[in-house]
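What the coordinates show
This is what each chain is made of:
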Amino acid sequence: MKLKLSLSLIVAGALSVSAQGYKDGVEYFKADQFDNAKELLTRNLNDAATDKAVAYYHLGAIEMKNKDYAAAKASFEKGLQANPQNPYNKVGLGELELINGNVKAAEQLFDEAKKINKKDAGVYVAIGRAYFNADPVKYAKEITKYDEQAMKSNSKHPDIFILRGDRKAAEQAWGDAASNYENAILYSKEQPAAYVKYANAYFNVNPEFAIDKLNELLQTSPNSALGQRELAEKYYQNDQWAKAAAAYGDYIKNPNHFVEDEVRYSVLLYYGQHYDESLALANKLLASDPKNFQLQRIAFLDKAAMKDFAAAETQANQFFSLNDPKNKYTSNDYSTYAEVLQELGKDSLAIFEYEKAINVNPDKLDLYKALSSAYSGAKNYKKSLEVFKAYIDKGDYVTNDLVTLANRYQNVAATSEPGSPEKAEAITNAISTIDKVIEKVPGNPIPVRNKARMYLVKNDNQPSAEMAETYQTVVALLDADPENKTRRSDMYNEAYSQIASYYISEKNIPEAKAYYEKVYELDPSNQALRDYIDKMK
């Protein structure tokens, strides 16, 4: 797929790129993207603007998800050291006690958290989530209890509805989950996680609606790395490549983006045919990650698309030398390399690459045609015919493919021993195949011209009556359109010349001379031909 992207589209309407620091990590956490959350929280941990108590709480909660309870405990304790009055780290330690089966110890920690800020609905929600994470069935009553307490404290607190939505999502009640996420948005527009979860709930049903919701998020929270990335991803997943590229172009200006997002952007630039920009970005990233499989692929594809075939071959050697078993080469990887090799005149090497491509994707019929072409370029005409005939036998072909098949037969005949059964069979098949083409396009002179050439091959490159008669048919077809004298003068020239050569072989000089005169009419500046005609007796 090759889609044009407007450069103006990519740079226009850029969102503000001010970083939110550790807050982006918190947003990723609330959106259940824990690996991304951990990277951003860790990346921003020592920034002066970071609330370390909040950051450590979320890092601890991520370790809880990963079942690394020792690391989780250490993070919660660091959070309390940073701010003993932050209730959430006590909630985190309480959840750890629940996991360990120490219900009383957990309740004591939850009570301590509540005392720090008795009216904080967020704390009640966090405690309810701790019970939910520990065991949503066993602690159903406790979850409901803290949900009710949170509502009494602040019935419009968005975290209440996010947790309710998560509980419904766990039951796969997607409609109810989406309704709760929508309520969270209703009560606080600056809730990126709620928007993202809402969009995810609807994306498979109504992708445009989900995308609109993310655009709405960025109107109120333009600096949200989560919102920027999710919008770009949704465009990508919905095959809106131009918009995906524009969104990624904006997003990677945010300091809280990820390296893999730059890789995706490089891919999108390639698909948008901005090969120079795609290659520049890929090369920048490869400088620090030379074994990145996707980047090596894109750099190779960019160079091939730019028709820098020597450089593409060098890049391909690097790309295909990445021996990690996790790397999966596609049929397009192999076939593009084969095309590069053909452009460099290395058809014999291209053959192996096309065969690899077919092995990966045997249902991609165009690969058989390309392989046949490579065999032909390597002058292995028998194998070229064999492969192309296998393609035709699959039944999914067009009339022009029959023209190619006829030519493949002709090549075998032309390189076979004169008088051999092999040559006779090949040229017979060539003529019968081109007759099928002529039947399908009876007014087209080209396949008739091809048939005349086949008669020349059949007769060991000596003119024959059947050849001359076929060229006469070519002339008759050409004469149907007076503009052919100019537009297809080369075909007239070939036909007249071959008919003349036949009459010379028959020692019919007057007829031969008459046809050479026709050739001369097409090219009156050809003095050598004029002299030859004048000497004919």
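What you see is a predicted model; the values in this text were computed from it and never measured.

The rules behind the values
Each chain has its residues counted from 1, running along the sequence as written. Where local features are concerned, this predicted model is filtered to residues with pLDDT of at least 70; where side-chain atom pairs are given and counted, the filter is 80 or more; whole-chain, interface and lining totals use all residues. Calculation of side-chain values draws on the structure's entire complement of heavy atoms; hydrogens and water are dropped beforehand. Runs of E in the DSSP output that reach at least two residues are strands. Runs of H or I that reach at least four are helices, and both are numbered from the N terminus. Burial classes follow relative accessibility: with a 1.4 Å probe on protein chains only, a residue under 20% of its type's maximum area counts as buried, one over 50% as exposed, and anything between as partly exposed. The contact criterion used throughout is that any non-hydrogen atoms of two residues lie within 4.5 Å. Each accessible area value is a Shrake-Rupley result obtained with a 1.4 Å probe; residue values ignore everything except the protein chains displayed when judging cover. Charge counting follows a simple rule: Lys and Arg are positive, Asp and Glu are negative, and His as well as the terminal groups are ignored. The atoms used to mark charge sites are NZ of Lys, CZ of Arg, CG of Asp and CD of Glu. For this analysis, a salt bridge means a side-chain nitrogen from Lys or Arg found within 4 Å of a carboxyl oxygen belonging to Asp or Glu. Expected helix span is given by 1.5 Å per residue-to-residue step, counting one fewer step than there are residues. Lines fitted to C-alpha atoms define the axes here, with helix axes fitted over just the stretch in contact, and angles between the N-to-C directions of these axes take values from 0 to 180 degrees. Two helices crossing with the near one rotated counterclockwise from the far one by less than a right angle form a left-handed crossing, whereas a clockwise rotation gives a right-handed crossing. Gly is placed with the polar residues, together with every amino acid not listed as nonpolar (Ala, Val, Leu, Ile, Met, Phe, Trp, Tyr, Cys and Pro) or charged (Asp, Glu, Lys and Arg). The set of buried Ala, Val, Leu, Ile, Met, Phe, Trp, Tyr and Cys residues whose side-chain atoms join them within 4.5 Å is what this entry labels a nonpolar core. Polar contacts, as counted here, are pairs of nitrogen or oxygen atoms within 3.5 Å of one another; within protein the pair requires one atom able to donate a hydrogen and one able to accept it, and residues that are adjacent in sequence qualify only if both atoms are side-chain atoms. Aromatic contacts are taken between Phe, Tyr and Trp rings whose centres are within 6.5 Å, Trp giving its six-membered ring; a plane angle under 30 degrees counts as stacked, one over 60 as edge-to-face, and the others as tilted. We call a charge positioned over a ring when the NZ of a Lys or the CZ of an Arg lies within 6 Å of the ring centre and within 35 degrees of the ring normal. Confidence per residue, as judged by the predictor, is encoded in pLDDT with a range of 0 to 100. What sets the label is the angle itself: under 35 degrees gives roughly parallel, over 145 gives roughly antiparallel, 65 to 115 gives roughly perpendicular, and the rest give oblique. Regarding the arc, it is the one traced by the directions from the helix axis to the C-beta atoms.

What follows covers the overall build of the chain. Counting its secondary structure elements, the chain contains 31 helices and zero strands. For the chain, the spread of C-alpha atoms along the three principal axes comes to 120 × 45 × 40 Å. Within the span of the chain, comprising 537 residues, buried residues form 49% of the whole. If you take every contact in the chain between residues at least 6 apart in sequence, the share linking residues at least 24 apart comes to 53%. Counting only carbon and sulfur atoms, one obtains 48% of the accessible surface of the chain, whose full area is about 26100 Å². Computing the positive centroid from 67 side-chain charges and the negative centroid from 75, the chain places the two 4 Å apart.

Turning to the pattern of salt bridges, a few remarks are in order. Tallied over the full model, the rule gives 32 salt bridges. With a closest N to O distance of 3.8 Å, Lys-253 and Asp-250 form a salt bridge. Glu-353 is the partner of Lys-356 in a salt bridge, and the nearest nitrogen-oxygen pair spans 3.4 Å. You can see Lys-356 and its partner Glu-353 sitting in helix α21 (residues 347-360), three residues apart, about one turn around the helix.

With that out of the way, let us pick up helix α24 (residues 399-414). Over its 16 residues, α24 extends 23 Å from the first C-alpha to the last, a length consistent with the 22 Å expected when each residue adds 1.5 Å. Of all the positions in α24, only Asp-401, Leu-402, Val-403, Leu-405, Ala-406, Arg-408, Tyr-409, Gln-410, Val-412 and Ala-413 are classed as buried. Where the residues of α24 are buried, they touch α22 (366-377), α23 (381-393), α25 (421-440) and α26 (445-458).

Further remarks concern the side chain of Lys-303. With respect to the helices and strands, Lys-303 occurs in helix α18 (residues 293-305). Once residues within four sequence positions are removed from consideration, Lys-303 is found in contact with Leu-279, Asp-308, Ala-311, Ala-312 and Gln-315.

On to the packing of helix α2 (residues 22-30) against helix α4 (residues 52-65), then. Packed helices, taken two at a time, are described by their axes: the angle between them and the distance between them. Packing of α2 against α4 leaves a shortest axis separation of 10 Å and a crossing angle of 35 degrees. Here the hand of the crossing between α2 and α4 comes out left-handed. Taking contact as the criterion, the partners of Tyr-22, Val-26 and Phe-29 in α2 are, on α4, Val-54, His-58, Ala-61 and Ile-62. Partitioning the contact of α2 with α4 into residue classes produces six nonpolar, one polar and no charged.

Tracing the chain through its elements places Tyr-368 in helix α22. Among the residues examined, Tyr-368 registers a relative accessible area of 12% and is labelled buried. As a C-alpha pair, Tyr-368 and Tyr-354 span 14 residues in sequence and 8.0 Å in three-dimensional space. Aside from chain neighbours lying at most four places away, what touches Tyr-368 is Ile-358, Pro-362, Val-387, Tyr-391 and Lys-394.

Core analysis: the biggest nonpolar cluster contains 167 residues, and Tyr-28, Val-91, Phe-110, Tyr-131 and Phe-300 have the highest contact counts within it. Element by element, the count of residues in this core is highest for helix α8 (residues 121-134), at nine residues. When near neighbours in sequence (up to four residues on either side) are disregarded, Val-91 contacts Phe-110, Ala-113, Val-123, Ala-126, Ile-127 and Ala-130.

This part covers the side chain of Gln-33. By the secondary structure assignment, Gln-33 is in the loop between α2 and α3 (34-43). A relative accessible area of 16% means that Gln-33 is categorised as buried. A distance of 2.8 Å separates the side chain of Gln-33 from the side chain of Glu-230, its partner in a polar contact. Not counting the four nearest positions on each side in its chain, Gln-33 is found in contact with Tyr-28, Val-196, Leu-226, Arg-229 and Glu-230.

Moving on, we come to the packing of aromatic side chains. Counted by the stated rule, this structure contains 34 aromatic pairs. Residues Tyr-248 and Tyr-251 carry aromatic rings whose centres are separated by 6.3 Å and whose planes lie at 65 degrees to one another, so their mutual orientation is edge-to-face. Placement of the pair is Tyr-248 and Tyr-251 together in helix α15 (residues 241-251), with a separation of three residues, close to one helical turn. The residues Tyr-248 and Tyr-251 share a single accessibility class, namely buried. Pairwise contacts between aromatic rings join Phe-293, Phe-300, Phe-319, Phe-320, Tyr-329, Tyr-334 and Tyr-337 into one cluster. Lying over the aromatic face of Tyr-236, Arg-264 brings its terminal NZ or CZ to 4.0 Å of the ring centre. Against the face of Tyr-492 rests Lys-485, its NZ or CZ located 4.1 Å from the ring centre.

Taken as a whole, the chain shows an average pLDDT of 92; of its residues, 96% reach a score of 70 or greater. Ignoring residues within four places in sequence, the model shows residues 1-18, a span with pLDDT below 50, making 48 contacts including any to other chains.

Turning our eyes to something else, we now look at the packing of helix α16 (residues 259-271) against helix α17 (residues 275-286). In contact at an axis separation of 8 Å, α16 and α17 are set at 155 degrees when each is read in the N-to-C sense. Judged on the interaxial angle alone, α17 and α16 are roughly antiparallel. The hand of the α16/α17 crossing is left-handed. Within the contact between the two elements, α16 uses Val-259, Glu-262, Val-263, Tyr-265, Ser-266, Leu-269 and Tyr-270 and α17 uses Tyr-275, Glu-277, Ser-278, Leu-281, Ala-282, Lys-284 and Leu-285. Residues belonging to the contact of α16 with α17 are distributed by class as follows: nine nonpolar, two polar and three charged.

So, about unusual backbone geometry. Even without a glycine there, the phi angle at Asp-239 is positive, about 60 degrees. With respect to the helices and strands, Asp-239 occurs in the loop between α14 (225-237) and α15. A relative accessible area of 52% places Asp-239 in the exposed class.

Mapped onto the secondary structure, Gln-315 falls in helix α19 (residues 309-320). Spatially, the C-alpha atoms of Gln-315 and Ser-155 are 60 Å apart, while their sequence positions differ by 160 residues. Residues within four places of Gln-315 in sequence aside, it is in contact with Leu-286, Gln-296, Ala-299, Phe-300 and Lys-303.

Before going further, it helps to spend a moment on α3. Among the residues of α3, Phe-34, Asn-36, Ala-37, Leu-40 and Leu-41 are the ones counted as buried. Taken down its axis, α3 places every buried residue within 155 degrees of arc, on the same side. Buried residues belonging to α3 abut α2, α4, α14 and α16.

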